[in-house]
Amino acid sequence: MRFGWRAISGPALTAATLLLAMLLDRFVPAPSPAPLFVAIVALAGALAGLASAVTTAIVAVIGAALFFLNRHGVSGHGAADLAPLGLLAVTVFGTAGITGLMRERLLSSFAAERRSHAIAARLSAALDKVDIGIVLLDAETRAEFINRAFRDYFAVPDEVAEAKPPFIALMYHGRDTGAFALPEDELGTFIAQRMEMVRVGDATPINVALRNGEVLRFVCTALADGGRMLSYTPVTDLVRHTDAPARADYYLSLRDPTGRKLIQYLRVAE
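Residues numbered from 1 in each chain as written. Predicted model: local features only at pLDDT ≥ 70, side-chain atom pairs only at ≥ 80, totals over all residues. Heavy atoms only, no water.

Trainee: If you had to explain the pattern of salt bridges to someone new, which residues and values would you point to?
Mentor: As enumerated under the stated definition, the model contains five salt bridges in all. A salt bridge links Arg-151 to Asp-158, with the nearest nitrogen and oxygen atoms 3.0 Å apart. Among the residues examined, Asp-158 registers a relative accessible area of 35% and is labelled partly exposed. With a closest N to O distance of 2.7 Å, Arg-199 and Glu-196 form a salt bridge. Of this pair, Arg-199 and Glu-196 are both found in helix α8 (residues 184-200), three residues apart, which corresponds to roughly one turn of the helix. (Salt bridge = Lys/Arg side-chain N within 4 Å of Asp/Glu carboxyl O. Buried < 20%, exposed > 50% of the residue type's maximum accessible area, 1.4 Å probe, protein only. Helix = DSSP H or I, 4+ residues; strand = E, 2+ residues; numbered from the N terminus.)

Trainee: Talk me through the nonpolar core; I want residue IDs and the actual numbers.
Mentor: Phe-154, Phe-180 and Leu-230 are the most contacted members of the largest nonpolar core, which totals 28 residues. Of all the secondary structure elements, the ones that give two or more residues to this core are β1 (133-137), β2 (143-146), α5 (148-153), α7 (167-176), α8, β4 (215-222) and β5 (228-234). Here the element with the most residues in this core is α8; it accounts for five residues. Aside from chain neighbours lying at most four places away, what touches Leu-230 is Gly-133, Ile-134, Val-135, Leu-137, Phe-167, Val-198, Phe-218, Val-219 and Cys-220. With 15 residues, the next largest nonpolar core counts Leu-18, Ala-21, Ala-57 and Val-92 among its residues. (Core = buried A, V, L, I, M, F, W, Y, C linked by side-chain atoms within 4.5 Å. Contact = heavy atoms within 4.5 Å.)

Trainee: Give a description of unusual backbone geometry that names residues and reports values.
Mentor: Within the chain, Thr-141 stands out as a residue other than glycine whose phi angle is a positive 60 degrees. Mapped onto the elements, Thr-141 comes out in the loop between β1 and β2. For Lys-164, which is not glycine, the phi torsion reads 55 degrees and is therefore positive. When you line up the elements, Lys-164 lands in the loop between α6 (158-162) and α7. Since its relative accessible area comes to 44%, Lys-164 is described here as partly exposed.

Trainee: Please provide a residue-by-residue account of helix α4 (residues 83-127), values included.
Mentor: Think of an α-helix as turning once every 3.6 residues; residues three or four places apart then point the same way. For α4, which comprises 45 residues, the first-to-last C-alpha distance of 66 Å matches the rise-based estimate of 66 Å (1.5 Å per residue) to within 8%. Of the residues making up α4, those classed as buried are Leu-88, Ala-89, Val-92, Thr-95, Ala-96, Thr-99, Gly-100 and Ala-111. (Expected span 1.5 Å × (residues − 1).)

Trainee: Can you break down the side chain of Asn-147 residue by residue, with the values?
Mentor: Within the fold, Asn-147 resides in the loop between β2 and α5. Looking at Asn-147, the relative accessible area reads 0%, which means it is buried. Each residue touching Asn-147, except ones within four places of it in the same chain, is listed here: Leu-127, Asp-128, Val-130, Ile-132, Gly-133 and Ile-134.

Trainee: Which residues make up the pairing of strand β3 (residues 206-209), and what are the values?
Mentor: As paired strands, β3 and β4 are joined by four bridges and run antiparallel to one another. Of the residues in β4, the one forming a bridge with Val-208 is Leu-216. Linking two consecutive strands that pair antiparallel, namely β3 and β4, is a turn of five residues; a positive phi of about 100 degrees is found at Gly-213 within it. (Pairing = 2+ DSSP bridges.)

Trainee: Explain the sheet that holds β3 to me, using residue names and the numbers behind them.
Mentor: In any sheet, the strands associate via hydrogen bonds between backbone groups, in a parallel or an antiparallel arrangement. Reading across from one edge, β2-β1-β5-β4-β3 is the order of the five strands in this open sheet, with antiparallel pairing throughout. Of all strands in the sheet, those with a lone pairing partner are β2 and β3, marking the two edges. Ignoring strand direction, the axes of neighbouring strands in this sheet form an average angle of 20 degrees. Strands β1, β3, β4 and β5 of the sheet are contacted by α8, whose axis makes an angle of about 35 degrees with β4. (Axes fitted to C-alpha atoms, helices over the stretch in contact; angles between N-to-C directions.)

Trainee: How would you explain the packing of aromatic side chains if you had to name every residue and give the values?
Mentor: What the rule picks out here adds up to six aromatic pairs. Measuring from ring centre to ring centre gives 5.7 Å for Phe-154 and Phe-180, while their planes differ by 50 degrees; the resulting arrangement is tilted. Here Phe-154, found in the loop between α5 and α6, pairs with Phe-180, found in the loop between α7 and α8; they are 26 residues apart in sequence, far enough to count as distant. Accessibility classification places Phe-154 together with Phe-180 in one group, the buried group. Among the aromatic residues, those joined into a ring-pair cluster are Phe-150, Phe-154, Phe-180, Phe-190, Phe-218 and Tyr-232. (Phe/Tyr/Trp six-rings, centres within 6.5 Å; stacked < 30°, edge-to-face > 60°.)

Trainee: Quick rundown of the packing of α7 against α8? Include the residues and the values.
Mentor: Interaxial distance between α7 and α8 falls to 11 Å at its minimum, and their mutual angle equals 155 degrees. Compared by their axis directions, α7 and α8 come out roughly antiparallel. Crossing of α7 over α8 shows right-handed handedness. Taking contact as the criterion, the partners of Phe-167, Ile-168, Met-171, Tyr-172 and Arg-175 in α7 are, on α8, Leu-187, Phe-190, Ile-191, Arg-194, Met-195 and Val-198. (Parallel < 35°, antiparallel > 145°, perpendicular 65-115°, else oblique. Left-handed = near helix turned anticlockwise from the far one by under 90°.)

Written as structure tokens, this is what we have:
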């Protein structure tokens, strides 16, 4: 037990209460301070823990015995007169154990929560340093975390990102800012497909071309709590080095959800 004002407050307050009760009892019959002792033991357990509460309980039992002897003397009392003292001992030690253990459990919970917040803060700072866009969605597809790379790729203001917008709002934001390198008549289908992938947790990688020439590989990962982790990995160099310029029409045709452009391409190729 560390000695400080919290640790000594319980025993000191118990001793002060006893002295005050004995002083008052010399002039007028004062009630027993036992109920106050129980309250003081509970206060000591809440302030300083189990050790201080037990010490306060010992002082309380001794103080109650001294108050009894001061009022009635040593002789002329039977075992029945000691029953209130025994009941007080059981009560104060039980109170000490309950409040002391509850305080220790609460402090452990608070410490664990602080560690979790510290780890989350470090992880958030680390994810803000990578060039992969990361979005964490809850079970209702609201964005609980949006890292710096995603905000930069899709020009998402900080106030919007911190407001935990739903994923559909992020998709419409990208559409309204012209982030996607898609014709306007294809944007609705594109957004609907991405929303369906997120809803079912489809982990199929999809390349997303941006208006500024960058290409991001979109992957949706289903999490155990029902949420989703969305990653947007820059693959611009990979796509540029592996795609043959002569087959540009073919790659563009793959974006057509109805397949009409692909059919036209195949007919031309024949």
